[in-house]
Amino acid sequence: MQSKKNTRAAHMGSGGEQARRPLLTILKAVTLGLLVTMVLLLLFSFLFCRQDLPLTLLNPLAAFSLLIGAFAAGYWASRSIGQRGMLTGASCGAALFFVLLIQTKAQVDLTALIKLAISLLSGAIGGVTGVNRRHGSSKIKPRRKEAEK
């Protein structure tokens, strides 16, 4: 009689290969999320330089950039993995937030906690969207009309 562990290992293929794949996918997705966030931040900084925008828009635009980056990371990761979209997306959002928090050496205050909530929620929504997205064409194909008698 095989134990549960041996049966599970047999289904997984070569040991930890499948166990490492989601982590690698999440790492790639967080990199994608960072790129999306940075491109949006560069775009918004360009707008601030060219236009006379109030500085009160700085935090909302930074939060919006994080929202879109976390959504993209969650969407891509869960679309690649194909299961557990909410957990995968929220993991991507959290990882993206903490990478940015460490990189910027920001203080953990109310604004940071709000941005953490934004990245968790948008990553989870992106993950659910990525898992539930149909593969192939997104257009609805019309039904064939039955041959008229």
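Before reading further, recall that the structure is shown in the block above.
Note that the structure is a prediction, hence the values are computed from the model and not measured.

Sorry, what's going on with the overall build of the protein chain here?
On a plain count of helices and strands, the protein chain comes out with five helices and zero strands. Mapped from its N terminus to its C terminus, the protein chain presents α and β elements in the order α-α-α-α-α. When the 149 residues of the protein chain are sorted by exposure, 28% land in the buried category. When contacts within the protein chain are restricted to residue pairs at least 6 apart in sequence, those whose partners lie at least 24 apart make up 78%.

Hey, could you run me through helix α4 (residues 85-104) in this one?
Three or four residues apart is the spacing at which side chains of an α-helix point the same way, because the helix has 3.6 residues per turn. Over its 20 residues, α4 runs 28 Å from end to end, which matches the ideal 28 Å to within 8%, given 1.5 Å per residue. Taken together, the buried positions of α4 are G85, T88, G89, A90, C92, G93, A94, L96, F97, L100 and L101. Once α4 finishes, K105 follows within two positions and takes phi at roughly 55°, a positive value.

Quick question: what am I supposed to make of the layout of surface pockets here?
Gaps left between atoms are located by rolling a probe of water-molecule size over the structure's atoms. The calculated volume of the second largest pocket comes to roughly 340 Å³. Lining the second largest pocket we find 14 residues, and of these A62, L100, T104, A106 and K115 sit closest to its centre. If you tally residues by element for the lining of the second largest pocket, the top one is α4, at four residues. Taken together, the residues of the lining of the second largest pocket break down into eight nonpolar, four polar and two charged.

Looking at this model, I keep getting lost on the packing of α4 against helix α5 (residues 110-132). Mind explaining?
To describe two helices that pack against each other, one gives the angle between their axes and the distance between the axes. Packing of α4 against α5 leaves a shortest axis separation of 6 Å and a crossing angle of 145°. Regarding α4 and α5, the two cross each other, and that crossing is right-handed. Touching G85, M86, G89, A90, G93, A94, F97 and F98 of α4 are A112, K115, L116, S119, L120, G123, A124, G127, V128 and V131, all from α5.

Please explain α5 as it appears in this structure.
When the terminal C-alpha atoms of α5 are compared, their 33 Å separation across 23 residues agrees well with the 33 Å that a helix rising 1.5 Å per residue should span. Here α5 has its buried residues at A112, K115, L116, S119, S122, G123, A124, G126, G127 and G130. The inward-facing, buried residues of α5 abut α3 (58-81) and α4.

How do you make sense of the environment of F71 when you look at a structure like this?
Structurally, F71 can be placed in helix α3. Owing to a relative accessible area of 30%, F71 belongs among the partly exposed residues under this scheme. Separated by 21 residues in the primary sequence, F71 and C92 place their C-alpha atoms 8.7 Å from one another. Beyond its immediate chain neighbours, meaning those up to four positions away, F71 contacts S122, G123, I125, G126 and T129.

Honestly, the environment of L121 in this entry has me stumped. Any pointers?
Note on placement: L121 falls in helix α5. By relative accessible area, which is 57% here, L121 ends up exposed. Remark: the alpha-carbon pair of L121 and A94, spanning 27 residues in sequence, is separated by 9.4 Å.

Got a minute to help me understand the environment of K115 in this structure?
Relative to the elements of secondary structure, K115 occurs in helix α5. Taking relative accessible area as the criterion, K115 reaches 18% and is therefore assigned buried. For the pair K115 and F97, spaced 18 residues apart in the sequence, the C-alpha separation amounts to 7.6 Å. Residue contacts for K115: discarding those within four places in its chain leaves N59, A62, A63, L66 and F97.

How do you make sense of the nonpolar core when you look at a structure like this?
As a rule of thumb, soluble globular proteins bury nonpolar side chains together. Of all hydrophobic cores here, the largest spans 15 residues; its most connected members are I26, A29, V30, L66, C92, L96 and F97. Going through the elements one at a time, α2 (17-50), α3, α4 and α5 are the ones with two or more residues in this core. In contact with C92, other than residues within four places in its own chain, are I26, A29, V30, A73, G74 and A77.

What counts and how
- Within every chain, residues take consecutive numbers counted from 1 along the sequence as written.
- For this predicted model, a pLDDT threshold of at least 70 governs which residues receive local features, and a threshold of 80 or more governs which side-chain atom pairs are given and counted, while totals over whole chains, interfaces and linings are taken from all residues.
- In computing side-chain values, all of the structure's heavy atoms are included and hydrogens and water are not.
- Counting from the N terminus, the helices are the DSSP runs of H or I reaching at least four residues and the strands are the DSSP runs of E reaching at least two.
- Each residue is assigned to one of three classes by its accessible area relative to the maximum for its type, calculated with a 1.4 Å probe on protein chains only: buried under 20%, partly exposed between the two thresholds, exposed over 50%.
- In this analysis, two residues are considered to be in contact whenever any of their non-hydrogen atoms come within 4.5 Å of each other.
- To estimate how far a helix should reach, multiply one less than its number of residues by 1.5 Å.
- In this analysis, the protein atoms alone were mapped onto a 1 Å grid. Cavities are point sets where a 1.4 Å probe fits without being able to get out; pockets are open sets with protein on both sides within 12 Å along at least five of seven lines; lining residues have an atom within 4 Å of a point.
- Grid points are joined across faces, edges and corners, and a volume is the space filled by probe spheres set on the points.
- Each residue is assigned to one class: nonpolar for Ala, Val, Leu, Ile, Met, Phe, Trp, Tyr, Cys and Pro, charged for Asp, Glu, Lys and Arg, and polar for all the others, Gly among them.
- Every angle, taken between N-to-C directions, lies between 0 and 180 degrees, and every axis is a line fitted to C-alpha atoms, over only the stretch in contact when it is a helix.
- Put simply, a crossing is left-handed when the front helix is turned counterclockwise from the back one by less than a right angle, and right-handed when it is turned clockwise.
- Among buried residues, those of type Ala, Val, Leu, Ile, Met, Phe, Trp, Tyr and Cys that are joined through side-chain atoms within 4.5 Å constitute a nonpolar core.

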